[in-house]
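Structure at a glance
If you want the building blocks of each chain, they are given just below.
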Amino acid sequence: MVIEKLRAGTRQTHEDLEKEMLPFIKGATNADEYARLLHLFYGYYHPLEQGISRYLDESILPDIADRRKAGWILNDLRAMNRSDEILEDSNAPLIQSRADALGAMYVMEGSSLGGKVISKMIADNLNYPDHSALSFFYGYGGQTGVRWKEFLAVLDRFSGTVEEDLIVKKANEVFLKFQQWLQRNMS
Ligand code: HEM
C-alpha cells in the first residue's frame, strides 16, 4: 500500500524536519516570532499549493479547496497585521505531475496531525484571547482524524500503480527541502 511505503520511505526525512522545526515552534513565544513561523510555512506551502492546483482537482480529491492551507496562514498573518512581504522559497520542489502533487499533499496534510498540539502550545505561549490568528495550526480541529483518513483513502487508490514510487520520492523531497528552507532562514 502506498501509505506504508510513504511511512517507511519518509521516516528519516520526517524525523529530521521535526528536529529542525521544534526550536521554531518553541521559540514562538511572542507575536513577532509566531509571525516568523507563519511566514516560513507560507513561503514553502504557497508555491507547492500553486503547483498542486495544476495537477489535482475535485475529481480526485473532492474537498481539495477546503484543504488549501496558504490562505489560512495569510488570514492569520492579516489578523496580526503582519502579512506584508512574505518571502517564498524559490527552491521549493517542482510539482510536474499528479504523483508529485499527491506526494506533496501527503506531507502537508500530515503536518495537520501535529497541529492541534502545536496550536495549543502557541496559544498558551502567546496568551491569545481567541483563535483568530491560529487557524492554520488549528487546522481541521476535531475533524483532523476524519479528514486524514479520507485523504488516505484517496491516496490508497494509487497503491500498486506506476505512480506509487513517484509519490514517495516527491514526499521525501518535500520533507527534505522544507528542512533546508528552515536552515537557510535560521538566525
Ligand atoms: C515539531 C514538529 C512536529 C512534530 C512534533 C510532529 C509529530 C508527528 C506525530 C506525533 C505524528 C503521528 C501522528 C498520528 O499518527 O496521529 C506525525 C505525523 C505526520 N507528520 Fe509530523 N510532526 C511535526 C512536524 C511536521 C511537519 C512540519 C510536517 C510536514 C510539513 C509533518 C508531516 C507529517 C506527516 C506526513 C505525518 C503522517 C505520517 C503517517 O503517514 O502516519 N510533521 N507527526
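Residues numbered from 1 in each chain as written. Predicted model: local features only at pLDDT ≥ 70, side-chain atom pairs only at ≥ 80, totals over all residues. Heavy atoms only, no water.

**Here's the deal with the coordination of the iron atom of the ligand**
Just one protein atom coordinates the iron atom of the ligand, and that atom is His14 (NE2), at 2.4 Å. Locating His14 in the fold gives a position in helix α1 (residues 2-26). (Donors = N, O, S within 2.8 Å, 3.2 Å for Na, K, Ca; no water. Helix = DSSP H or I, 4+ residues; strand = E, 2+ residues; numbered from the N terminus.)

**With respect to the environment of Gln143**
Along the chain, Gln143 turns up in the loop between α6 (135-138) and α7 (144-156). Its relative accessible area of 44% is what places Gln143 among the partly exposed residues. Counting along the chain gives 68 residues from Gln143 to Asn75, while the straight-line C-alpha distance between them is 20 Å. (Buried < 20%, exposed > 50% of the residue type's maximum accessible area, 1.4 Å probe, protein only.)

**Side note on the layout of surface pockets**
By volume, the largest pocket amounts to about 740 Å³. Residue lining of the largest pocket: 31 residues in total, with His14, Glu18, Gly110, Ser111 and Gly114 positioned closest to the centre. For the lining of the largest pocket, the secondary-structure elements that each account for two or more residues are α1, α2 (31-52), α4 (98-111), α5 (115-126), α6 and α8 (164-184). Residue composition of the lining of the largest pocket, grouped by class: 18 nonpolar, eight polar and five charged. (1 Å grid on protein atoms, 1.4 Å probe; cavity = no way out; pocket = protein on both sides within 12 Å on 5 of 7 lines; lining within 4 Å. Points joined across faces, edges and corners; volume = space filled by probe spheres on them. Nonpolar A, V, L, I, M, F, W, Y, C, P; charged D, E, K, R; others polar.)

**Re the confidence of the model for the protein chain**
This prediction gives the protein chain a mean pLDDT of 94; 98% of its residues lie at or above 70. Within the protein chain, the lowest mean pLDDT, 83, falls on α5, and the highest, 98, falls on α4. (pLDDT = per-residue confidence, 0-100.)

**What about the packing of aromatic side chains?**
Summed over all chains, the structure comprises 12 aromatic pairs. Aromatic side chains Trp72 and Tyr140 sit 5.7 Å apart centroid to centroid with 90 degrees between the ring planes, which places their arrangement in the edge-to-face category. On the criterion of sequence distance, the pair formed by Trp72 in helix α3 (residues 70-79) and Tyr140 in the loop between α6 and α7 is long-range, its members being 68 residues apart. Here Phe136 and Phe137 contribute two aromatic rings whose centre-to-centre distance is 4.8 Å and whose plane-to-plane angle is 55 degrees, an arrangement assigned as tilted. The residues Phe136 and Phe137 share a single accessibility class, namely buried. Members of the aromatic cluster, connected to one another through ring pairs, are Tyr34, Phe41, Tyr44, Tyr45, Phe136, Phe137 and Phe178. (Phe/Tyr/Trp six-rings, centres within 6.5 Å; stacked < 30°, edge-to-face > 60°.)

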